[in-house]
Structure formats: C-alpha cells, structure tokens
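Architecture at a glance
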Amino acid sequence: QVQLVESGGGLVQAGGSLRLSCAASGRTFSRYAMGWFRQAPGKEREIVAAISWSGTYYTDSVKGRFTISRDNAKETVYLKMKSLKPENTAVYYCAPAPSYYGPQIPLSGARYNYWGQGTQVTVSS
C-alpha cells in the first residue's frame with residue numbers, strides 16, 4: 001500500500017517562500033516519477049512540477065520560481081516555492097506515477113493512482 005504524507009504548507013505573504021515535502025512509502029521510491037499537483041477552489045487539479053530520473057517538468061506559470069527535487073534515500077520529494085503569488089493558493093498534492101511510465105512523466109492527474117491528503121498553501125496579497 002502506497003502512503004504519501006505532504007507537509008510544509010501554510011500562510012505566506014506574496015513574494016514569500018515555502019518548501020513542501022512529501023514522504024512516500026510502500027513502493028521502491030527511486031523507480032518512478034513523482035509529481036506535485038495543486039487544486040484551487042472551483043478548479044481542476046493540475047500538475048505543477050514532476051521529477052523522474054531523466055529530468056524534470058514545470059508548468060509554465062511556475063518556471064523559474066519553483067524547484068522540484070527528491071531524496072531517494074529519504075523517499076521524499078520536495079517542492080521549493082519562491083516569489084509566491086496569490087494565484088498559487090491551492091491544496092498541493094504529491095503523487096507517484098505508475099511504474100510502467102519509467103522515466104516518462106505523465107502530465108494528467110488521471111494517470112496517477114495514489115494521492116496524499118494534501119497540504120494547504122495560502123498566499124495573501
């Protein structure tokens with residue numbers, strides 16, 4: 001059983017920074033891509049960033065401000081966010097891609113089968 005625990009969210013002023021963490025267990029962590037998604041009120045869940053052993057992906061709106069990284073020994077993936085904007089307010093989730101994707105990063109949340117409980121990020125203006 002895959003378990004994912006996100007942490008690090010909170011309330012921050014615009015321009016501030018946060019680092020989210022996602023601790024994973026139940027699978028061989030290093031073998032699959034990991035994604036960070038977010039869901040704002042009234043909106044669909046969208047991918048923010050993802051990382052596999054072949055590279056990273058960022059949605060255009062966060063490029064240059066967010067950095068995804070992973071520590072395979074700790075089975076943890078991180079999302080460092082700086083220069084936060086009010087429109088970044090959302091619940092942030094991490095999810096592992098199915099192992100059959102290998103180094104590829106699926107961009108649709110529908111491709112992911114396991115989710116954590118999420119961590120709330122609120123950016124005030």
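These remarks concern the structure in this document. (Residues numbered from 1 in each chain as written. Predicted model: local features only at pLDDT ≥ 70, side-chain atom pairs only at ≥ 80, totals over all residues. Heavy atoms only, no water.)

**Notes on the packing of aromatic side chains**
Note on aromatic pairs: each is described by the distance of the centres and the angle between the planes. One pass over the structure, following the stated rule, counts five aromatic pairs. Geometrically, the ring pair formed by Phe37 and Trp115 is edge-to-face, given 4.9 Å between the ring centres and 75 degrees between the ring planes. Placement of the pair is Phe37 in strand S4 (residues 34–39) and Trp115 in the loop between strand S9 (90–96) and strand S10 (119–124), with a sequence separation of 78 residues. By relative accessible area, Phe37 is classed as buried at 0%. You can call Trp115 partly exposed: its relative accessible area is 28%. Between Tyr93 and Trp115, the ring centres sit 6.3 Å apart and the planes meet at 90 degrees, which makes this aromatic pair edge-to-face. In this pair, Tyr93 is assigned in strand S9 and Trp115 in the loop between S9 and S10, connecting sequence segments 22 residues apart. Relative accessible area serves as the criterion here: at 13%, Tyr93 is assigned to the buried category. In textbook terms, an aromatic cluster arises when at least three aromatic residues are bridged by ring pairs, as seen for Phe37, Tyr93, Tyr112 and Trp115. Lying across the ring of Tyr93, Arg45 places its NZ or CZ 4.0 Å from the centre. Between the NZ or CZ atom of Arg45 and the centre of the ring of Trp115, over which it lies, the distance is 4.2 Å. (Phe/Tyr/Trp six-rings, centres within 6.5 Å; stacked < 30°, edge-to-face > 60°. Helix = DSSP H or I, 4+ residues; strand = E, 2+ residues; numbered from the N terminus. Buried < 20%, exposed > 50% of the residue type's maximum accessible area, 1.4 Å probe, protein only. Lys NZ or Arg CZ within 6 Å of the ring centre and 35° of its normal.)

**Points about the state of the cysteines**
Tallied over the entire structure, the rule returns one disulfide. Note on cysteine connectivity: Cys22 is disulfide-linked to Cys94, with sulfurs 1.9 Å apart. Disulfide Cys22-Cys94: torsion about the S-S bond near 55 degrees, hence right-handed. Here Cys22 is found in strand S3 (residues 18–25), whereas its partner Cys94 is found in strand S9, with 72 residues between them in sequence. Cys94 carries the same exposure label as Cys22, and that label is buried. (Disulfide = S-S within 2.5 Å.)

**Notes on the sheet that holds strand S6 (residues 55–58)**
The strand order S2-S10-S9-S4-S5-S6 describes an open sheet built from six strands, whose pairing is mixed. What marks the edges here is a single partner per strand, and that holds for strand S2 (10–13) and S6. On average, each strand axis in the sheet is inclined to that of its neighbour by 20 degrees, with strand direction left out of account. Bridging between S4 and S9 involves six bridges; their strand directions are antiparallel. In the sheet register, Phe37 faces S9, and the bridge partner there is Tyr93. (Pairing = 2+ DSSP bridges. Axes fitted to C-alpha atoms, helices over the stretch in contact; angles between N-to-C directions.)

**Some words on a positive patch on the surface**
There is a patch of like positive charges on the surface, built from Arg19, Lys74, Lys80 and Lys82. Relative to the helices and strands, Lys74 is located in the loop between strand S7 (66–71) and strand S8 (76–81). (Patch = residues over 30% accessible without salt bridge, like charges linked within 9 Å, V, L, I, M, F, W, Y side chains within 5 Å. Areas by Shrake-Rupley, 256 points an atom, 1.4 Å probe, with all protein chains shown as cover. Salt bridge = Lys/Arg side-chain N within 4 Å of Asp/Glu carboxyl O. Lys, Arg positive; Asp, Glu negative; His and termini not counted. Charge placed at Lys NZ, Arg CZ, Asp CG, Glu CD.)

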